[in-house]
Amino acid sequence: MSSMSRGRAALAGVTAAVVAIGVAEPVAVLTGPRSAPLIAVGGLVVDVVPEPLKQFAIAVFGTYDKIALLVGTAVLLAAIAALLGVLAARRLRFGLAGIAAFAALGVAAALTRAGADALDALPSLVGGALGALTLWAFVAGPLREAAAPSTPPSPPAAALARDEAPAGWEPQEAAGDESRRRFLRGVGLLAGTAAVAGLGGHWLAGRRGVSAAREAVRLPTPVAPAPPVPAGADLAVDRLAPFVTPNREFYRIDTALVVPQVDPATWRLRIHGRVRRPLELSFDDLLARPMVERHITLACVSNEVGGDLIGNARWLGVPIRELLDEVEPEEGADQVVGRSVDGWTCGTPTAVLRDGRDALLAVGMNGEPLPVEHGFPVRMVVPGLYGYVSACKWVTELELTSFADFDAYWVPRGWSAQGPIKTESRIDTPRRRDRLTAGPVTVAGVAWAQHRGIRRVEVRVDDGPWHEATLAPTVSVDTWVQWSWRWDATPGDHTLQVRATDAAGETQPAQRRPVAPDGATGWHTVPVEVG
Ligand SMILES: Nc1nc2c(c(=O)[nH]1)N[C@H]1C(S)=C(S)[C@@H](COP(=O)(O)O)O[C@H]1N2
Ligand SMILES: [Mo]
């Protein structure tokens with residue numbers, strides 16, 4: 001049994017964990033970033049975390065939820081590693097068993113990811129082995145000496161009695177200092193080396209991405225170009241969301257902790273399942289097909305009333321309808337499951353994909369190849385449906401099945417299998433708690449009811465009468481529309497509210513409902529002060 005102090009034992013445990021995670025990174029350069037233990041376990045956490053906790057994380061951290069998850073995982077891991085260190089100082093076996101358990105978790109997480117192979121176990125195995133070695137070295141191995149406690153040696157009683165300088169006392173204290181220094185040097189050297197290996201490996205893995213392949217893509221000219229955006233679709237009001245969302249400002253939502261890097265040279269799309277003629281396409285096959293280009297507004301089901309998880313882009317792609325006609329779906333195959341390279345799935349009604357709307361297998365976004373985080377090289381875009389049931393990024397499979405036979409990713413997690421976009425409207429200006437000057441104020445925002453279209457937008461002040469806003473022209477029923485209303489603001493505190501009516505005559509309900517299971521409802525309400 002070691003007589004290591006608790007602080008040192010804890011630090012030894014944390015060092016062992018840093019070594020384990022750090023050395024796993026360069027190994028993951030060979031096996032792919034998703035096999036690195038932190039990312040693999042983090043991915044597992046994303047998949048198994050209960051829905052309310054996930055909602056909470058998104059509410060608190062917003063789009064930083066992934067970073068929060070990784071930092072949280074790292075902090076938790078450090079705490080457990082410290083405990084393991086303390087445990088190991090008492091009984092090395094227990095500490096080593098703890099590390100083995102973590103390595104096993106890493107292996108299990110890496111091997112259960114979609115598309116994993118046996119080699120994906122390697123980063124966790126190598127990390128676990130070197131972590132265990134580190135712990136052993138501190139507790140029972142070559143670094144043990146260094147880790148011995150600096151028990152303050154008492155001066156020999158005889159020396160005190162003689163009231164002389166206690167012989168041998170100072171040198172012993174120096175030995176304690178020296179021991180601490182050596183221990184800290186060992187910690188610093190190991191943790192430092194592991195950190196360099198970890199960051200270096202992470203950077204190298206990033207360089208093996210597909211941005212070069214993306215830049216080399218030449219998008220074909222569409223046979224059916226997007227109808228031009230009418231002059232005036234953009235009201236050019238300050239702080240009003242632009243009609244077309246630039247790629248860099250487009251919201252991003254997915255479960256991927258590392259953005260999948262899919263090489264277009266090896267990409268394949270399999271259309272299979274309950275079809276008479278299964279089809280497999282390469283990226284070049286896809287690019288050789290007639291392409292259409294359309295403005296389509298994508299929205300996330302997790303968008304709160306007034307939220308910004310929505311964007312409008314010009315998408316270039318092949319109509320999914322045409323591909324489905326070719327594979328000839330069987331009777332009763334009422335669901336098309338889009339499957340991403342990382343295993344994520346969405347389930348889209350076959351009927352929706354075949355009803356004539358511009359559902360696309362998209363390769364281009366606003367005139368560029370898809371940005372990697374938006375699904376490069378190929379994704380689905382379906383007008384009128386929330387992204388979680390239709391907008392599969394990094395798509396590699398379309399499987400014909402039925403809703404009775406298969407639940408896509410979010411369905412067992414409490415979200416509705418059907419996800420038509422609800423009619424919504426948002427006030428972009430003024431903003432919450434803005435202080436305005438009395439007199440004319442431009443109230444403006446966007447409204448959307450994809451594939452039905454917006455007929456009317458109304459604004460009211462302080463529960464007063466509804467006033468019809470002016471709608472900007474738009475390109476089709478598949479995009480949002482800008483609106484504005486001139487308000488003669490009077491001094492005092494006021495509340496602005498907006499509601500939209502779709503082309504079918506349905507007005508969005510006042511009742512506030514949460515985003516789960518199938519999209520929020522309620523009127524966007526903005527309190528302002530007029531001075
Ligand atoms: N592979 C994959 N595709 C995905 C998702 C995902 O988690 N993984 N999320 C979906 C959701 S919930 C939405 S709202 C849209 C968002 O697309 P964007 O990130 O390009 O805005 O992508 C969809 N496609
Ligand atoms: Mo979403």
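Residues numbered from 1 in each chain as written. Chains lettered and ligands numbered in written order. Predicted model: local features only at pLDDT ≥ 70, side-chain atom pairs only at ≥ 80, totals over all residues. Heavy atoms only, no water.

Considering the nonpolar core
Inference 1: Counting residues in hydrophobic clusters, the biggest one holds 80 residues, and the most contacted among them are Trp315 and Leu361.
Inference 2: Three or more residues apiece are contributed to this core by two domains, here domain 2 (247-413) and domain 3 (424-530).
Inference 3: Counting residues in each nonpolar core, the second largest holds 22 residues, with Leu436, Ile454, Trp487 and Val526 among its members. (Core = buried A, V, L, I, M, F, W, Y, C linked by side-chain atoms within 4.5 Å. Buried < 20%, exposed > 50% of the residue type's maximum accessible area, 1.4 Å probe, protein only. Domains from an automatic or database assignment.)

Here we look at helix 5 (residues 92-112)
Inference 1: End to end, helix 5 covers 30 Å across 21 residues, agreeing with the expected 30 Å (1.5 Å per residue, within 8%).
Inference 2: Residues of helix 5 that are buried: Leu92, Gly95, Gly98, Ile99, Ala103, Gly106, Val107, Ala109 and Ala110.
Inference 3: Looking at the buried side of helix 5, the elements it contacts are helix 1 (6-31), helix 2 (37-48), helix 4 (65-90) and helix 6 (122-139). (Helix = DSSP H or I, 4+ residues; strand = E, 2+ residues; numbered from the N terminus. Expected span 1.5 Å × (residues − 1). Contact = heavy atoms within 4.5 Å.)

Digging into the site of ligand 1
Inference 1: Close to ligand 1 lie 19 residues, the nearest being Tyr251, Thr255, His374, Arg379 and Lys393.
Inference 2: In this structure, an oxygen atom belonging to ligand 1 sits 3.4 Å away from a side-chain N or O atom of Trp344.
Inference 3: In this structure, Ala391 approaches ligand 1 through a main-chain N or O atom, which is 3.0 Å from a nitrogen atom.
Inference 4: Starting from 530 Å² of accessible surface for ligand 1 in isolation, the protein chains cover 98%.
Inference 5: Along the lines of polarity and charge, the residues of the shell around ligand 1 split into ten nonpolar, four polar and five charged. (Near = heavy atom within 4 Å. Polar contact = N/O pair within 3.5 Å; in protein donor to acceptor, adjacent residues only side chain to side chain. Areas by Shrake-Rupley, 256 points an atom, 1.4 Å probe, with all protein chains shown as cover. Nonpolar A, V, L, I, M, F, W, Y, C, P; charged D, E, K, R; others polar.)

Quick look at the pattern of salt bridges
Inference 1: Taken as a whole and assessed by the stated rule, the structure comprises 23 salt bridges.
Inference 2: Put simply, Asp47 and Arg113 hold a salt bridge, and the shortest N to O gap is 3.0 Å. Here Arg113 lies in the loop between helix 5 and helix 6 and Asp47 lies in helix 2, a separation of 66 residues in the sequence.
Inference 3: Of the residues examined, Asp47 reaches a relative accessible area of 21% and is grouped as partly exposed.
Inference 4: For Arg113, a relative accessible area of 15% translates into the label buried.
Inference 5: A salt bridge links Glu458 to Arg456, with the shortest nitrogen-to-oxygen separation between them at 3.9 Å.
Inference 6: For Glu458, a relative accessible area of 11% puts it in the buried group.
Inference 7: Beyond isolated ion pairs, a larger network of salt bridges with shared partners links Arg252, Asp254 and Lys393. (Salt bridge = Lys/Arg side-chain N within 4 Å of Asp/Glu carboxyl O.)

Quick notes on the sheet that holds strand 13 (residues 439-448)
Inference 1: On the basis of which strands lie adjacent, the open sheet formed by four strands has the order 11-13-17-16 and antiparallel pairing. Sheet topology places strand 11 (424-429) and strand 16 (470-471) at the edges, where each strand pairs with a single neighbour.
Inference 2: Bridge count for strand 13 against strand 17 (residues 481-489) is nine bridges, and the pairing is antiparallel. Directly across from Ala447, in strand 17, lies its bridge partner Val481. (Pairing = 2+ DSSP bridges.)

Structural notes on a nonpolar patch on the surface
Inference 1: Where nonpolar side chains cluster on the molecular surface, the patch consists of Leu53, Phe56, Val60, Phe61, Tyr64, Ile67, Val71 and Val75 and spans about 830 Å² of accessible area.
Inference 2: Where the nonpolar patch is concerned, the elements lending two or more residues are helix 3 (51-61) and helix 4.
Inference 3: Take the nonpolar patch: its biggest share by element is four residues, from helix 3.
Inference 4: Looking at the secondary structure, you find Val71 in helix 4.
Inference 5: What makes Val71 partly exposed here is its relative accessible area of 48%. (Patch = residues over 30% accessible without salt bridge, like charges linked within 9 Å, V, L, I, M, F, W, Y side chains within 5 Å.)

Some thoughts on the packing of helix 2 against helix 4
Inference 1: Here helix 2 crosses helix 4 at 115 degrees, and the two axes come no closer than 10 Å. In terms of their interaxial angle, helix 2 and helix 4 are classed as roughly perpendicular. Like other packed secondary-structure pairs, helix 2 and helix 4 cross with a definite hand, here right-handed. Counting all contacts with helix 2, which are made through Leu38, Ile39, Gly42, Val45 and Val46, the residues of helix 4 involved are Leu69, Leu70 and Thr73.
Inference 2: In terms of residue class, the contact of helix 2 with helix 4 is built from six nonpolar, two polar and no charged. (Axes fitted to C-alpha atoms, helices over the stretch in contact; angles between N-to-C directions. Parallel < 35°, antiparallel > 145°, perpendicular 65-115°, else oblique. Left-handed = near helix turned anticlockwise from the far one by under 90°.)

Section: the domain arrangement of the chain
Inference 1: When cut into domains, the chain gives domain 1 (6-207), domain 2 (247-413) and domain 3 (424-530).
Inference 2: Roughly 1200 Å² of surface becomes buried between domain 1 and domain 2 when both sides are summed, with 63% attributable to carbon and sulfur atoms.
Inference 3: Considering only the surface of domain 1 that becomes buried against domain 2, Arg34, Asp47 and Lys66 emerge as the three largest contributors, covering 37% of it.
Inference 4: It is helix 2 that provides the largest number of residues to the side of domain 1 that touches domain 2, a total of five residues.
Inference 5: Tallied by class, the residues present in the side of domain 1 that touches domain 2 amount to six nonpolar, three polar and five charged. (Buried area = accessible area lost by both parts, 1.4 Å probe.)

Points about helix 12 (residues 320-327)
Because each turn of an α-helix spans 3.6 residues, side chains separated by three or four positions end up pointing in the same direction.
Inference 1: Residues of helix 12 that are buried include every one of Ile320, Leu323, Leu324 and Val327, and no others. Relative to the axis of helix 12, the buried residues are bounded by an arc of 100 degrees and lie together on one face.
Inference 2: Phi turns positive, to about 55 degrees, at Glu328, one or two residues after helix 12. (Arc of directions from axis to C-beta.)

Some words on the pairing of strand 11
Inference 1: By the criterion of burial, strand 11 is predominantly enclosed, with six of the six residues buried.
Inference 2: The pairing of strand 11 with strand 13 spans five bridges and is classified as antiparallel. Of the residues in strand 13, the one forming a bridge with Ser425 is Ala447.

Regarding the state of the cysteines
Inference 1: Counted by the stated rule, this structure contains zero disulfides.
Inference 2: Here Cys346 is not cross-linked by a disulfide; its sulfur's nearest cysteine counterpart is in Cys392, at 4.7 Å.
Inference 3: Exposure remark for Cys346: the relative accessible area of 0% places this residue in the buried category. (Disulfide = S-S within 2.5 Å.)

A word on the UniProt feature "transmembrane region" (unreviewed entry) in the chain
Inference 1: Mapped onto the present numbering, the UniProt feature "transmembrane region" (unreviewed entry) falls on residues 67-87, 94-115, 121-140 and 187-205.
Inference 2: Helix makes up 90% of residues 121-140 and strand 0%, with an end-to-end C-alpha separation of 28 Å. (UniProt positions renumbered as here; feature names shortened; annotations may be inferred.)

Here's the deal with the UniProt feature "domain: Oxidoreductase molybdopterin-binding" (unreviewed entry) in the chain
Inference 1: Mapped onto the present numbering, the UniProt feature "domain: Oxidoreductase molybdopterin-binding" (unreviewed entry) falls on residues 258-410.
Inference 2: Helix makes up 12% of residues 258-410 and strand 37%. Its end C-alpha atoms lie 19 Å apart.

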